[in-house]
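The chain contents come next:
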Amino acid sequence: MAEAYDVQAIERKWQRRWSDAGTYQVENDDPRPHYYVLCMYPYPSGPAHMGHVRNYTFGDLIVRYRTMHGHAVLSPIGFDSFGLPAENAAIQSGAHPRTFTDARIEELKQSLMQLGASYDWRREIKSHDPEYIRWTQWIFLRFLEAGLAYRKAAPVNWCPGCQTVLANEQVLADGTCERSGDIVTKRNLEQWFFRITDYADQLLDDLDELEWPERVKVMQRNWIGRSEGAEFDLRVVGDDIGDGAALALRVFTTRPDTSFGMTYAVVSPEHPLLPALTTDEQREAVESFVARVATATDVERQAGKEGVFTGSHAMNPFTEKPVPVYVADYVLMGYGTGAIMAVPGQDQRDWDFARLHALDIIRTVQPPDGWEGEAYTGEGPAINSAWLDGLSVADAITSAIDWLEARGIGRRVVNYRLRDWLLSRQRYWGCPIPIVYCPDHGPVPVPESELPVLAPDDVEFRPTGESPLRFHEGFLHTTCPICGGPATRETDTMDTFVDSSWYFLRFADPWDHGAPFDADAVARWLPVDQYIGGIEHAILHLMYARFFTKALADLGIAPKTLREPFARLFTQGIIRMSGTKMSKSKGNLVRPQEYFDSVGADALRLFHLFVSPPQDDVEWSDAGIEGTARFLHRLWRVANPESPAVPAAQGDAVDDIERATHRLIERVSDEYARWSYNTAVASFMEFVNLLYKEGSTPFAIDSLLLLLAPMAPHVTAELWERRHPGEHVHEQPWPQFDASLALQERVTMVVQINGKVRDRIEVDVDIDTQEMERLALASVRVQEHLRGQLPKRVIPRAPKLVNLVV
């Protein structure tokens, strides 16, 4: 009787073996070609869920696959351990965020080990480690010295639920907080920023060099939002700024060719010239409107069309006619100049506003014949535009800008949707900002010798969510590093995206106590060869990490040649349950522990690889897990040398199995290279069926185990050791195929009628389409179904399929 496959005993054995032997530890001076595989820095929310399993299975598979291809593979792990959930848990339960976080890290680590994930655990880092905090603060101070960090008062997104500021990227399209779901409001606060806009062009242009999914690159391009156009001044009629100088309103437009159709101008409610533009007669109405808009989100404002006349007029320089100036909700101070020229004939939002306020509408681009719409935004010749009439849109834009520049009233400019990165957070559980405030010297950097600045443990968490650092006398009060006088500490902490914007550099040399990382080690490993994570990080994390990498290189901290952190990016699909993404907040998580304890990690890994292509979303169902578990039990019986369930192949079957094995190596190697893991698993299942039918050979079994090893590491390691005592399957080279033996001379051609299989015919592999059609129509089974009809179409897919349409 065949020996039973004891899943849990075997998996525990190999997990201990890999840990004790340091199997996946790698040294920086390893002479093999280097390859860096990294899954995105996980937030430790507790034991792994199915999203973790899917993500880390892909990462682990690549580590083992690349190792078998002769690479020294760097596979580190760490924990993005700062953040709101731990602080909110402290407020609710009384547990300190550090205690809460450390416990969650241990739970997640245990899950990853049970999954069989291969990491160099010596390199483990955590955002809340004092050493990591030290270097995060050190980098902040270098950015401050270089002018890349600065402080200013600004209207910011405020989440009342989280009691903190949010970056624009953390506000969802419906105007709610991405974490709490609360409606985000506006507040005017002194905040710290990173000058990411200095890198807007580089962040945009360098996307072309990256092997990233196109949809991710499109999302980043759209967020950066580069637009070319013109800025020019509209002189306010009959007014000045108090010293006789004319009051002028500077506007930005991407369509200066439409300026002859400007019938009004609009400023944002935050525009600094609004008080001067507002006449006494309109002041009450304008101030009431501004107060009402102050509570609206950017999303709500951009969808709006409300506004109030300021009482002022500005001169259209193209027509030399005055136009009324309005204040409106849909103009934002953060984009362009905070003022626009309005051309209702060519912009639908301007059209709607003009109709609402009974303003003139003048078309400046000829719509096509029969046009029955409202604003026309397409191509066409210029009309009602004097010396621009008849020009195409592109030529008219160029001519309009040339005209503005020749008269010294405007210029060509480039604007960006991208805003500087607001990094201040009014929370406790984050990296403290290393700044003190002196009454005489203002904001003063904390000396490098005093880093890290650590938040105290003995703090009181309030139900309101306010940062306890504001009320901790011992933390708050300090001395000025310049004059020694009394000073107060900055009580804001950094956005947690700061921590995840450089961790991949620290992994290259986490033991360096004299610098955030060793530049030589970074040069050996970076950029990351394969980065893996969710599409939800397409804008925030990836954009910030790219900015940090470029800035650190420019400051001489990272290698000058390192311009991008991640050479290749893969974004796996998400797991849904009943159409909704699995998440802890929704309470629909499926924990993998029950499967570790029943069918085992290998069966669960194989299910995630088999259920769909890795980039596709998956609707959760455990129906297929029993199938992958049965397959591994069949593998055990066919490959266990101590009690094989399948006899050795005999006679001609030996050659048949050898040829099938070479074809399997060729096919599966290609499927690994294309991330087509689901079809690779299907290939393995088909091959095992063949072995049960025809018998096995040592070459066939060994090749099967080697090919399957990255996907199902525990069972293949056990079976390989039993077949080859003293050897480890993951230290073996990847199997090679003989092209002449892999060549298939005959294949099975499937014949379908209207998509239904009606016959299978053995044919030469190089059969042409005419012969495929002839054989299909000559088939007795096919003729029985045709009943004398001739097909309307014959669709051949040489050499394996021909479909007859009747």
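(A) Geometry of the overall build of the chain. Across its full length, the chain carries 26 helices and 30 strands. Along the longest, intermediate and shortest principal axes, the C-alpha atoms of the chain span 105 × 80 × 45 Å. Per-residue burial over the chain gives 54% buried out of 806 residues. Nonlocal contacts in the chain, meaning residues at least 24 apart in sequence, comprise 72% of its contacts between residues at least 6 apart. For the chain, the accessible area works out to roughly 34,200 Å², and carbon and sulfur atoms hold 49% of it. Charged side chains of the chain number 81 positive and 114 negative; the gap between the two group centres comes to 4 Å.

(B) View of the sheet that holds strand β27 (residues 746-753). An order of β28-β27-β30-β29 is seen for the four strands of this open sheet, with the pairing classed as mixed. Only two strands of the sheet have a single neighbouring strand rather than two, namely β28 (756-764) and β29 (793-797). Across the sheet, the axes of successive neighbouring strands diverge by a mean angle of 20 degrees, strand direction being ignored. Sheet topology note: the β29/strand β30 (residues 801-805) ladder contains five bridges and is antiparallel. Bridging across to β30, Arg797 finds its partner in Leu801.

(C) Representation of a negative patch on the surface in the model. Together, Glu594, Asp597, Asp622 and Glu626 line one region of the surface with negative charge. Looking at the element boundaries, Asp622 is found in the loop between β26 (618-619) and α19 (625-639).

(D) Structural view of the packing of helix α18 (residues 601-610) against α19. The geometry of α18 relative to α19 is characterised by a closest axis approach of 8 Å and an angle of 120 degrees between their N-to-C directions. As judged from the angle between their axes, α18 and α19 are oblique. Here α18 and α19 pass one another in a crossing that is right-handed. Packed against α18, whose contacting residues are Asp602, Ala603, Leu604, Leu606, Phe607 and Phe610, the element α19 presents Ile625, Thr628, Ala629, Phe631 and Leu632 at the interface. For the contact of α18 with α19, the per-class residue count stands at nine nonpolar, one polar and one charged.

(E) Structural context of the pairing of strand β20 (residues 486-489). One ladder, built from two bridges, connects strand β17 (residues 435-438) with β20; its direction is antiparallel. Residue pairing in the sheet places Val436 in a bridge with Arg489 of β20. The turn linking strand β19 (residues 477-479) back onto β20 is made up of six residues, and Gly484 within it adopts a positive phi angle of 80 degrees.

(F) Looking closely at α19. For α19, built from 15 residues, the straight-helix expectation of 21 Å at 1.5 Å per residue is met to within 8% by its first-to-last C-alpha distance of 21 Å. Those residues of α19 lying buried are Ile625, Thr628, Ala629, Phe631, Leu632, Leu635, Trp636, Val638 and Ala639. If you follow the buried residues of α19, they end up packed against α1 (7-21), α17 (593-596), α18, α21 (677-694), α22 (698-708) and α23 (713-723).

(G) Seen up close, unusual backbone geometry. The omega torsion of the bond from Leu451 to Pro452 falls at 5 degrees, within 30 degrees of zero and hence cis. Turning to its location among the elements, Pro452 is positioned in the loop between β18 (442-445) and α13 (473-476). The backbone of Trp675 shows a phi angle near 60 degrees, a positive value even though the residue is not glycine. With respect to the element layout, Trp675 can be found in the loop between α20 (652-673) and α21.

(H) Molecular detail of empty space enclosed by the protein. If you walk through the whole model with that rule in mind, you get one cavity of 30 Å³ or more. In this model, the largest cavity occupies a volume close to 70 Å³. In terms of lining, the largest cavity is formed by 13 residues, of which the most central are Cys39, Gly59, Val63, Ser75 and Tyr119. Breaking the lining of the largest cavity down by element, the ones donating at least two residues are β1 (34-39) and α2 (50-68). Element by element, the count of residues in the lining of the largest cavity is highest for α2, at four residues.

(I) A look at the layout of surface pockets. By volume, the second largest pocket is sized at about 980 Å³. Forming the boundary of the second largest pocket are 24 residues, of which Ala660, Arg663, Leu690, Gln744 and Arg746 lie nearest the centre. Mapped onto the lining of the second largest pocket, the elements with two or more residues apiece are α20, α21 and β27. In terms of residue count, the dominant contributor to the lining of the second largest pocket is α20 (eight residues).

So, how was this worked out
Residues numbered from 1 in each chain as written. Predicted model: local features only at pLDDT ≥ 70, side-chain atom pairs only at ≥ 80, totals over all residues. Heavy atoms only, no water. Helix = DSSP H or I, 4+ residues; strand = E, 2+ residues; numbered from the N terminus. Buried < 20%, exposed > 50% of the residue type's maximum accessible area, 1.4 Å probe, protein only. Contact = heavy atoms within 4.5 Å. Areas by Shrake-Rupley, 256 points an atom, 1.4 Å probe, with all protein chains shown as cover. Lys, Arg positive; Asp, Glu negative; His and termini not counted. Charge placed at Lys NZ, Arg CZ, Asp CG, Glu CD. Pairing = 2+ DSSP bridges. Axes fitted to C-alpha atoms, helices over the stretch in contact; angles between N-to-C directions. Patch = residues over 30% accessible without salt bridge, like charges linked within 9 Å, V, L, I, M, F, W, Y side chains within 5 Å. Salt bridge = Lys/Arg side-chain N within 4 Å of Asp/Glu carboxyl O. Parallel < 35°, antiparallel > 145°, perpendicular 65-115°, else oblique. Left-handed = near helix turned anticlockwise from the far one by under 90°. Nonpolar A, V, L, I, M, F, W, Y, C, P; charged D, E, K, R; others polar. Expected span 1.5 Å × (residues − 1). 1 Å grid on protein atoms, 1.4 Å probe; cavity = no way out; pocket = protein on both sides within 12 Å on 5 of 7 lines; lining within 4 Å. Points joined across faces, edges and corners; volume = space filled by probe spheres on them.

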